[in-house]
Amino acid sequence: MASLGFVKALRKAAQGGSFARAFTGVDLSQLAGAKEFCTRLRGVMRGANPLNSARTFRPRPGDVVTLMTSKTGQTWTLAMLRKLSLGKAHTGVDKCLATDPAKFEEGAVPWLESHAWRGKLNLEQPGSLRVFKSHLNLSDVRGWPKSYPDARFLICLRQPHDRGLSYYKHLRGGYGDELPGKLGHFDSVFSPDDFALLKHHDYEQNLVDWIGVKDHPNVMVLFYEQTLADPRKVLRRLAEFVGVELDAEFEDNILDATNYDVMSTSGVFINVFPGGGTYGKGRKTLRKDTCAELDQRWAEIVEPATGARSYEQLYEQVTGETFPRFS
């Protein structure tokens, strides 16, 4: 297993210095909170008018487009999809599994909103399928599932408190990797609650919108906890959805490469950190008032539209399965 310092060095190189470019010399205490922190970072990563660029994309028949709010399991899902696309002959982990926008020359998964991919989204990709990453909401591309019936669209949902905590850890980790010695400054300004409370991508409304189209034949709704509980079962569902045949050896190869411990200690997966891949830490870590506010959003937005009083109830309602038990 690679040393933590080596992995951090790889991640710093892979991220292309987005955090360093956004925050070198910046006094975080002078920003207008976590929202400005995120706006500043996105501006560096995406460039000007990212939505205009992404919305001009036209999926081809057979394309697989993941449209997911950040920190809901997109990197994990994309790694499985790209391994399915690359086929049985592809073993292990390499840059073809990355979602880093700076690595398009090395076969990384394209990110629709990234300035690094402008003018390159229609290039061919390694493997049998073209696979794409996006954080666009369904409201941004509402007509896609219907307009492109021969393309496939995936969303992954995650328990809101856990998603909020993971988002904080992702930003804190990236900042610490790229600005050595400055993590204390970050911690003196921000707490997990600051990022968990952001109305990030209008997550609850986006969730409701996707539940509304879940029965479309070219739409697949996943839950992060399904992958946590039984990645083999999820892999088989993905393979069936994209039309790739699995055998026991191919299946084991993919699961070995996309094991969370492997991903979190690899420089390829720049936003997968050790200690993640869990359920329930959000409620245990976030302040009670933060949890209450997130619960109120659910009660105001999700419950009236779905009838589900909690995320766990929605999981059972959509999947027809009992919510997994995690230790």
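All of the points below concern the structure found in this document.

Scoring rules and cut-offs
- Residues numbered from 1 in each chain as written.
- Predicted model: local features only at pLDDT ≥ 70, side-chain atom pairs only at ≥ 80, totals over all residues.
- Heavy atoms only, no water.
- Helix = DSSP H or I, 4+ residues; strand = E, 2+ residues; numbered from the N terminus.
- Rg over C-alpha atoms; globule rule 2.2 N^0.38 Å.
- Buried < 20%, exposed > 50% of the residue type's maximum accessible area, 1.4 Å probe, protein only.
- Contact = heavy atoms within 4.5 Å.
- Pairing = 2+ DSSP bridges.
- Axes fitted to C-alpha atoms, helices over the stretch in contact; angles between N-to-C directions.
- Phe/Tyr/Trp six-rings, centres within 6.5 Å; stacked < 30°, edge-to-face > 60°.
- Lys NZ or Arg CZ within 6 Å of the ring centre and 35° of its normal.
- Core = buried A, V, L, I, M, F, W, Y, C linked by side-chain atoms within 4.5 Å.
- Salt bridge = Lys/Arg side-chain N within 4 Å of Asp/Glu carboxyl O.
- Arc of directions from axis to C-beta.

### A word on the overall build of the chain
Next, step 1: When helices and strands are counted, the chain shows 17 helices and four strands.
Next, step 2: Relative to its length of 327 residues, the chain is compact, with a C-alpha radius of gyration of 19 Å against a globular reference of 20 Å.
Next, step 3: Taken along the three principal axes of its C-alpha coordinates, the chain extends 50 × 45 × 40 Å.
Next, step 4: For the chain, the proportion of its 327 residues judged to be buried stands at 55%.

### Here's the deal with the side chain of Arg297
Next, step 1: Mapping Arg297 onto the fold places it in helix H16 (residues 288-306).
Next, step 2: Here Arg297 falls in the buried class, since its relative accessible area comes to 9%.
Next, step 3: When near neighbours in sequence (up to four residues on either side) are disregarded, Arg297 contacts Ala196, Leu197, Leu198, Lys199, Glu204 and Val302.

### A short note on the sheet that holds strand E2 (residues 131-134)
Next, step 1: Here four strands make up an open sheet; going across it, the order is E2-E1-E3-E4 and the pairing parallel. If you trace the sheet from one side to the other, it starts and ends with E2 and strand E4 (219-223), each paired once. The sheet shows a mean angle of 20 degrees between the axes of neighbouring strands, direction not considered.
Next, step 2: The strands that helix H5 (residues 74-86) touches are strand E1 (64-67), E2, strand E3 (152-157) and E4; relative to E2, the one it contacts most, it runs at about 170 degrees.
Next, step 3: In the packing of helix H17 (residues 311-319) onto the sheet, the strands contacted are E3 and E4, and the crossing angle to E4 comes to about 140 degrees.

### Here we look at the packing of aromatic side chains
Next, step 1: Applying the stated criterion across every chain yields a total of 27 aromatic pairs.
Next, step 2: Summarising the aromatic geometry, the rings of Phe186 and Phe195 are spaced 6.0 Å apart at their centres and angled 5 degrees between planes, so their arrangement reads as stacked.
Next, step 3: A relative accessible area of 0% places Phe195 in the buried class.
Next, step 4: Ring-pair connections join several aromatic residues into one group, and the members of that group are Phe23, Phe37, Tyr167, Tyr168, Tyr175, Phe186, Phe190 and Phe195.
Next, step 5: Above the face of the Trp111 ring, Lys133 is positioned so that its terminal group lies 4.3 Å from the ring centre.
Next, step 6: Over the ring of Tyr167 we find Arg163; its NZ or CZ atom is 5.6 Å from the centre of that ring.

### Considerations on the pairing of E3
Next, step 1: Where burial is concerned, most of E3 is hidden: five out of the six residues are buried.
Next, step 2: Alignment of E1 against E3, held across three bridges, turns out to be parallel. Counted as the bridge partner of Val65 is Phe153 from E3.
Next, step 3: Relative to E4, E3 runs parallel, the two sharing five bridges. Paired with Leu157 across the two strands is Phe223, which belongs to E4.

### Section: the nonpolar core
Next, step 1: Formed by 72 residues in total, the largest nonpolar core has its most connected members in Leu84, Trp144, Leu154, Leu157 and Leu238.
Next, step 2: It is H5 that contributes the most residues to this core, seven residues altogether.
Next, step 3: Not counting residues up to four positions away in its chain, the partners in contact with Leu84 are Leu235, Leu238, Ala239, Val242, Val244, Leu246, Phe250 and Ile254.

### Here we look at the environment of Leu136
Next, step 1: When you line up the elements, Leu136 lands in the loop between E2 and helix H6 (144-147).
Next, step 2: Taking the C-alpha atoms as reference points, Leu136 and Arg283, separated by 147 residues in sequence, lie 26 Å from one another.

### A word on the pattern of salt bridges
Next, step 1: Scanning the model with the defined rule gives 14 salt bridges in all.
Next, step 2: For the salt bridge of Glu251 with Arg232, the shortest nitrogen-to-oxygen distance reads 2.5 Å. One end of the pair, Glu251, is in helix H13 (residues 248-257); the other, Arg232, is in helix H12 (residues 231-242), and 19 residues separate them in sequence.
Next, step 3: As a salt-bridge pair, Arg297 and Glu293 come within 3.5 Å of each other at their nearest N and O atoms. A residue pair is termed a helical-turn pair when its members lie 3 or 4 positions apart in one helix, as Arg297 and Glu293 do in helix H16 at four residues.
Next, step 4: One network of salt bridges, in which partners are shared, links Arg232, Arg236, Glu251 and Asp252.

### Here's the deal with H17
Next, step 1: Looking at H17, one finds that the buried residues are Tyr311, Glu312, Leu314 and Tyr315. For H17, the buried positions fall inside an angular range of 160 degrees around the axis, keeping them on one side.
Next, step 2: Its buried side turned inward, H17 meets E3, helix H7 (160-178), helix H10 (203-211), E4, helix H11 (224-229) and H16.

Remember, this is a structural readout, not a statement about activity or role.
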